Amino acid sequence: NEYKSYLSMTSSDILIDALPYADEGYDLPGIREAAARLIEEEVKRYPNTKNYLEHIPGNLHEKWETQAMKTMFEKLDSRQPSEMLSMKRCELPAPPTGQKHDVSAWLSAVSNSRAQLEHQEVRLINLELLKEYGCNSWILYLQHLQKLSEVQQKKLHQIRQDIQDTNWARKKEHQEAGQQLAELRSDWLGLVQKNYQLERACTELEAEVDTLAKEKEHLLELKPQPSPS
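About the criteria used
- Residues numbered from 1 in each chain as written.
- Predicted model: local features only at pLDDT ≥ 70, side-chain atom pairs only at ≥ 80, totals over all residues.
- Heavy atoms only, no water.
- Helix = DSSP H or I, 4+ residues; strand = E, 2+ residues; numbered from the N terminus.
- Contact = heavy atoms within 4.5 Å.
- Areas by Shrake-Rupley, 256 points an atom, 1.4 Å probe, with all protein chains shown as cover.
- Phe/Tyr/Trp six-rings, centres within 6.5 Å; stacked < 30°, edge-to-face > 60°.
- Buried < 20%, exposed > 50% of the residue type's maximum accessible area, 1.4 Å probe, protein only.
- Bend = angle between axes of the 7 residues up to and from the residue.
- Salt bridge = Lys/Arg side-chain N within 4 Å of Asp/Glu carboxyl O.
- Patch = residues over 30% accessible without salt bridge, like charges linked within 9 Å, V, L, I, M, F, W, Y side chains within 5 Å.

### Quick look at the overall build of the protein chain
Item 1. A count of helices and strands for the protein chain gives four helices and zero strands.
Item 2. N-terminal to C-terminal, the α/β element order of the protein chain is α-α-α-α.
Item 3. Contacts in the protein chain between residues far apart in sequence, at least 24 positions, make up 57% of those at least 6 positions apart.
Item 4. Taken as a whole, the protein chain presents about 22,100 Å² of accessible surface, with 58% of it coming from carbon and sulfur.

Structure, rendered in structure tokens:
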């Protein structure tokens, strides 16, 4: 509850009592220790949670996982050995010894060889297509990547510029506030000094008045009294 109330606080509710660009005295003895104590006190206000990213869904990567990837990840988690690449589909086995005179076995072997030849022919066609159009395709793909890179570089540059502008504005604000505080402090010291001078003058006047009053009393005592007629 305290953490939520802290997050709900606006900038006007938070008292900023430090101006890093204007304050001085950070190198004085005991300042670093005092800052560490303040940080420790502030940390105690936050709830003690082990996972501070629990509000972020943890299954975002599942949207891009295929079944083959999930199976592979499960095998990796269970430390199962990976299966070797099977080359069985590329083999051209003859019928077994016991089926040398079986027509259906030979027909199956011939069908398999035709399938393999067709597969190799398709691969050759794909290689020819790649040889003819692959360069242009890669050029277009690289141009697309270049445009994406330029867009992201512009965004990065803008973000860095915004950060720089924010830091400069913050520094300017701190320096203006520091100058204003210095002027107010100077005025306050001047007023304190004037008050001290006034207080001292009042004390001296009171002492002088007391002295004059005592002298008056003393003169009245020394003044001869008129004799009765």
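From this point, the narrative continues.
### Here's the deal with the packing of aromatic side chains
Item 1. Taken as a whole, this structure holds one aromatic pair when the rule is applied.
Item 2. Ring centres of Trp-138 and Tyr-141 lie 5.5 Å apart, and the angle between their planes is 80 degrees; on these two criteria the pair is classed as edge-to-face. Taken as a pair, Trp-138 and Tyr-141 lie in helix α4 (residues 103–222) at a separation of three residues, close to a single helical turn.
Item 3. Residue classification places Tyr-141 among the partly exposed residues on the basis of a relative accessible area of 43%.

### Considerations on α4
Given 3.6 residues per turn, any residue in an α-helix points the same way as the ones three and four places further on.
Item 1. The largest bend in α4 amounts to roughly 55 degrees and is located at Tyr-133.
Item 2. Taken as a whole, α4 has its buried residues at Ala-105, Ala-109, Gln-116, Gly-134, His-174 and Gly-178.

### Focus: the side chain of His-174
Item 1. One can find His-174 in helix α4.
Item 2. Residue classification places His-174 among the buried residues on the basis of a relative accessible area of 8%.
Item 3. Those residues in contact with His-174 that sit more than four places away from it in its chain are Leu-19, Pro-20, Tyr-21 and Ala-22.

### Things to note about the pattern of salt bridges
Item 1. Overall, the coordinates contain one salt bridge when judged by the stated rule.
Item 2. Here Arg-200 and Glu-204 are joined by a salt bridge, their closest N and O atoms 3.5 Å apart. Placement of the pair is Arg-200 and Glu-204 together in helix α4, with a separation of four residues, close to one helical turn.

### A look at a nonpolar patch on the surface
Item 1. A cluster of nonpolar side chains, Trp-138, Tyr-141, Leu-142, Leu-145 and Leu-148, forms an exposed patch at the surface whose accessible area comes to about 510 Å².
Item 2. A residue is classified by how much of its surface remains accessible, and Leu-145, at 36% relative accessible area, is partly exposed.

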